[in-house]
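Structural description and commentary
Chain by chain, the residues run as shown.
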Amino acid sequence: MYWIRRSLAVVVAVALLAAGCGRGTDDTGVTTIGLLSAALADTAEASSYRVSLAAGMKLSIAGEELSTGIDENNPVAVGEVSSEREYFRIDISTLLESLFGFSIDDWDYLGFEMWFDPERIVIDTSAFQQLVDADPDVDLGPFAPGVFFIDLTAIEADSPELMNAVAGSSTPDLREMAASLPAALTTIEQTSTDPPTFVGTTTSAGLIEALGGDVEADARCEAAALEMEFSADLDELAELIVEVYETNPAEVVIELDEQGLLSVLWIREDYGAVLRSLAESEGFGTDLSEEERQEAVEVFESLEMILATRIAYEPDADGEVPMPPPTTEDRTKEWHEFLPECS
């Protein structure tokens, strides 16, 4: 869930760049990044909008390569966002096909829906009943089939860090983002006028912070997911991941429509840098023989895992975000136990 949570967070940049990204184009004295910064001042006025997120991956390791392109017509997630609440539909089957090149042919849809408001998240995992029917012994933990809610007020009071992990796909405050995103771009240039296209660079850490995330909290959650697989100390692994995030390059591409509003946002990052750095660390492979460890190091040093995300934006001033289904099932505790190392 870490990657899809992080990817959905990218959606917030859509709203951030909306509502007049072309403003001030006649002022030649304004720099490119200054132009975008000035345009972002209007983003807090954005009302409702639709978003769709598509993904692709290039994985190369030990001479073998897997590459899946971005299918714009087959998004991993679609959403409706307003100032009152947000709704996302995440398609796991499309995610698996987009990232790993294989599909689940037996099911038309395998995924879940999420509704966000300031106090809670409602999640509908009813489609996962197909997994239970196929294997009654499967343990889906907090993702077991059903309609339930997570109490955000309780989580935030108990652990702000865990709050970041659980609610990371919710849209951050647009006024704060209007300042943080342009500040995160270390370079920015216009590469095309038809359509108007801007290419910027930052770091993974800069992007996380610009999208309202917490670098250390994200790193600790990712470290928790890797800890058992690599027999690494959690604290040391989290520190290493933060170091990678602080230098790992991230590319941001912004396409505007004919009205000067954001049409498409692209993000491109090499997530293989985390595993490559892990293989180079002193604590890597302590339970392996020296020969096995060296072989593993060589494999990971060849790893490249480029993840690309495309977010299409469609303003809809009259759009309505669907209401969540009614539920009284509280899984806040289960989520707290599911992500203990993030707290």
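These notes cover the structure that comes with them. In this text, all values refer to a predicted model and were calculated from it rather than measured experimentally.

1. Focus on the pairing of strand E1 (residues 49-61)
- Pairing analysis gives five bridges linking E1 to strand E3 (residues 77-81), with the strands arranged antiparallel. The residue bridging Arg 50 from the neighbouring strand is Glu 80, located in E3.
- Of the strand pairs in this sheet, E1 and strand E12 (residues 304-315) are connected by twelve bridges, and their pairing is antiparallel. The partner of Val 51 across the bridge, within E12, is Tyr 313.
- Two strands pair when backbone bridges link them, and E1 and strand E2 (residues 64-68) are joined in this way by five bridges, in the antiparallel orientation. Note that in E2 the partner of Leu 59 across the bridge is Leu 66.

2. Things to note about the side chain of Glu 269
- If you trace the backbone, Glu 269 turns up in strand E11 (residues 262-270).
- Of the polar contacts made by the side chain of Glu 269, one reaches the side chain of Ser 204; its length is 2.5 Å.
- Of note is the side chain of Glu 269, whose polar atom sits 3.1 Å from the side chain of Tyr 271.

3. Quick look at the pattern of salt bridges
- A complete count under the given rule lists six salt bridges for this structure.
- A salt bridge links Glu 304 to Lys 58, with the nearest nitrogen and oxygen atoms 3.7 Å apart. With a gap of 246 residues between them, Glu 304 in strand E12 and Lys 58 in strand E1 connect regions that are remote in the sequence.
- Judged by relative accessible area, Lys 58 falls into the partly exposed class, the value being 32%.
- Residue Asp 270 is joined to Arg 276 by a salt bridge in which the shortest nitrogen-to-oxygen separation is 2.9 Å.

4. A look at the environment of Ala 144
- Structurally, Ala 144 can be placed in the loop between helix H5 (129-134) and strand E7 (147-151).
- Residue contacts for Ala 144: discarding those within four places in its chain leaves Thr 125 and Arg 331.

5. Considerations on helix H13 (residues 290-301)
- For H13, with twelve residues, the first-to-last C-alpha span of 16 Å sits near the 16 Å given by 1.5 Å per residue.
- Buried within H13 we find Arg 293, Ala 296, Val 297 and Phe 300. Down the axis of H13, the buried side of the element spans an arc of 105 degrees, and every buried residue falls inside it.

6. Quick word on the packing of aromatic side chains
- Summed over the entire model, instances satisfying the criterion amount to six aromatic pairs.
- Both rings, one in Phe 88 and one in Phe 116, keep their centres 6.3 Å apart while their planes meet at 80 degrees; by these two values the pair is edge-to-face. Taken as a pair, Phe 88 in strand E4 (residues 86-91) and Phe 116 in strand E5 (residues 111-116) lie far apart in primary sequence, 28 residues in all. In this structure, Phe 88 and Phe 116 share a single accessibility class: buried.
- Through a chain of ring-to-ring contacts, the aromatic side chains of Phe 112, Phe 128, Phe 143 and Trp 335 assemble into a single cluster.
- In this arrangement the basic side chain of Arg 120 is found over the ring face of Phe 149, its NZ or CZ atom lying 4.6 Å from the centre.

7. What about the packing of helix H11 (residues 234-247) against helix H12 (residues 272-280)?
- Where H11 contacts H12, the axes come no closer than 10 Å and their chain directions differ by 130 degrees. On the basis of their axis angle, the class for H11 and H12 is oblique. The interaxial crossing formed by H11 with H12 has right-handed handedness. In this structure, H11 contributes Leu 237, Leu 240, Ile 241, Val 244 and Tyr 245 to the contact, and H12 contributes Ala 273, Val 274, Ser 277 and Leu 278.

8. Some words on the packing of H12 against H13
- Closest axis-to-axis distance for the H12/H13 pair is 8 Å, and the angle between their directions is 155 degrees. When the axis of H12 is compared with that of H13, the two are roughly antiparallel. Here H12 and H13 pass one another in a crossing that is left-handed. Taking contact as the criterion, the partners of Leu 275, Arg 276, Ala 279 and Glu 280 in H12 are, on H13, Arg 293, Val 297, Phe 300 and Glu 301.
- Among the residues making up the contact of H12 with H13, the classes are represented as four nonpolar, no polar and four charged.

Thresholds applied
- Residues numbered from 1 in each chain as written.
- Predicted model: local features only at pLDDT ≥ 70, side-chain atom pairs only at ≥ 80, totals over all residues.
- Heavy atoms only, no water.
- Pairing = 2+ DSSP bridges.
- Helix = DSSP H or I, 4+ residues; strand = E, 2+ residues; numbered from the N terminus.
- Polar contact = N/O pair within 3.5 Å; in protein donor to acceptor, adjacent residues only side chain to side chain.
- Salt bridge = Lys/Arg side-chain N within 4 Å of Asp/Glu carboxyl O.
- Buried < 20%, exposed > 50% of the residue type's maximum accessible area, 1.4 Å probe, protein only.
- Contact = heavy atoms within 4.5 Å.
- Expected span 1.5 Å × (residues − 1).
- Arc of directions from axis to C-beta.
- Phe/Tyr/Trp six-rings, centres within 6.5 Å; stacked < 30°, edge-to-face > 60°.
- Lys NZ or Arg CZ within 6 Å of the ring centre and 35° of its normal.
- Axes fitted to C-alpha atoms, helices over the stretch in contact; angles between N-to-C directions.
- Parallel < 35°, antiparallel > 145°, perpendicular 65-115°, else oblique.
- Left-handed = near helix turned anticlockwise from the far one by under 90°.
- Nonpolar A, V, L, I, M, F, W, Y, C, P; charged D, E, K, R; others polar.

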